[in-house]
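Fold and contact review
Letter by letter, the chains look like this.
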Amino acid sequence: MTATDARTTHGSRSADTGLEQNGHAYEEERIDGTHLFGCLWTSTSSAGNTDAVHRIIPDLCADFIADSTGKAWLVGPATVADLVTTTPGVTRWGVRISPPALRSVLGTDAEAVQDTKVDFDGILPSRTARVLADALRCGRVDATLLEKLWPSSCPEEVAQIGYAALTASPQAKVRDIAADLGVSERHFRRTIVASTGLAPKMIQKVQRMQNVLTLSRRRNVSLAVLAAHAGYADQAHLSRDVQALTGVTPTQLLREYR
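Below is a summary of the structure that appears in this document. These numbers come from a predicted model, not from an experiment.

**Re the packing of aromatic side chains**
Aromatic ring pairs are described here by two measures, namely the spacing of the ring centres and the angle between the planes. Scanning the entire structure with this criterion turns up 4 aromatic pairs. Relative to F120, the ring of F64 has its centre 5.4 Å away and its plane inclined at 85 degrees; by these criteria the two rings are edge-to-face. With F64 in strand β4 (residues 62–67) and F120 in helix α2 (residues 120–123), this pair connects stretches of sequence that are 56 residues apart. On the basis of relative accessible area, F120 is assigned to the buried category, the value being 3%. Measuring from centroid to centroid gives 5.8 Å for F64 and W150, while their planes differ by 20 degrees, and the two rings are stacked. Note that F64 is positioned in strand β4 and W150 in the loop between α4 (143–149) and α5 (157–168), a separation of 86 residues in sequence. For the pair F64 and W150, one class covers both residues: buried. In this structure, R208 packs its charged tip against the face of Y232, placed 5.4 Å from the ring centre.

**Concerning the environment of E185**
Relative to the helices and strands, E185 resides in helix α7 (residues 185–196). When the C-alpha atoms of E185 and V174 are compared, they prove to be 7.1 Å apart, with 11 residues separating the residues in sequence. Among all residues touching E185, those that are not within four sequence positions of it are V174, R175 and A178.

**Notes on the nonpolar core**
Residues F37, F64, V95, F120, L132 and W150 are the most contacted members of the largest nonpolar core, which totals 32 residues. The element best represented in this core is helix α3 (residues 126–138), accounting for 5 residues. Setting aside chain neighbours within four positions, we find F120 in contact with F64, I65, A72, W73, L74, A129, L132, A133 and L136. Core analysis: the second largest hydrophobic core is formed by 30 residues, I57, I177, L198 and L213 among them.

**A closer look at the packing of α5 against helix α6 (residues 174–181)**
To characterise two packed helices, one gives the angle between the axes of the helices and the distance between these axes. The interhelical angle for the contact between α5 and α6, taken along N-to-C directions, is 140 degrees, at an axis separation of 10 Å. On the basis of their axis angle, the class for α5 and α6 is oblique. Considering how the two elements wind past one another, α5 and α6 form a crossing that is right-handed. Two secondary-structure elements touch here, α5 through V158, I161, G162, A165 and L166 and α6 through V174, I177 and L181.

**Comments concerning α3**
Counted at 1.5 Å a residue, the expected span for α3 with its 13 residues is 18 Å, and the 18 Å between its end C-alpha atoms agrees. The complete set of buried residues in α3 reads T128, A129, L132, A133, A135 and L136. Within α3, the buried residues cover an arc of 165 degrees as seen down the axis, which keeps them to one side. Exposed side of α3, more than 90 degrees from the buried face: S126, R127 and C138 are the residues found there.

Quick notes on the rules
- Residues numbered from 1 in each chain as written.
- Predicted model: local features only at pLDDT ≥ 70, side-chain atom pairs only at ≥ 80, totals over all residues.
- Heavy atoms only, no water.
- Phe/Tyr/Trp six-rings, centres within 6.5 Å; stacked < 30°, edge-to-face > 60°.
- Helix = DSSP H or I, 4+ residues; strand = E, 2+ residues; numbered from the N terminus.
- Buried < 20%, exposed > 50% of the residue type's maximum accessible area, 1.4 Å probe, protein only.
- Lys NZ or Arg CZ within 6 Å of the ring centre and 35° of its normal.
- Contact = heavy atoms within 4.5 Å.
- Core = buried A, V, L, I, M, F, W, Y, C linked by side-chain atoms within 4.5 Å.
- Axes fitted to C-alpha atoms, helices over the stretch in contact; angles between N-to-C directions.
- Parallel < 35°, antiparallel > 145°, perpendicular 65-115°, else oblique.
- Left-handed = near helix turned anticlockwise from the far one by under 90°.
- Expected span 1.5 Å × (residues − 1).
- Arc of directions from axis to C-beta.

Shown next as structure tokens:
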């Protein structure tokens, strides 16, 4: 994972973000044939003499992760940045959960794992935990295995469509999205929180910030222009949101990201 660790929209990280510039070797592969998971990834910290600290920013996603030291854990969806220490030479293997499918995968409301890290044994049946961890380390995770481990799981339609609408239009009114889906705003909010672990407004807040990072790679423009194109009311709105989510200013965030 990178210092800013940007994700694809199927999870929500941009797949072409290179971790090499942040002291990692990183590979990512999309998983086809499942609605529950977005991609597989591998990250190896560069060899060296000291541990490195990286800022992992919110990106809407949750991941099952196993590493070469024998640990295996779930990282839940985040609302604030986390400073993560990586040990030189350690490899991590992850499978990214599609945000609307998180409740289906966990078998419990996703809000319970917001801003948390939980060992596999604390969140998965023992056999599933063992098989998934071994398969991640051996590079044997694919759609067939994941469907066997979660044979009857399927994201709720309101959660899937609603999440797509929230991320596609992070400036849209939540009540309007709910109305388009033919459900009450209260029902929509409950469904999104239970399914993704995040409130609709938080999803939009994180997506706007991720839009800034994506746009900053494509063009060298001012923060005011980035704010306008990413769905913010103005540059001050951008600054407040980025500070709240990451603990740093937009200028520092972009510097770390680049």
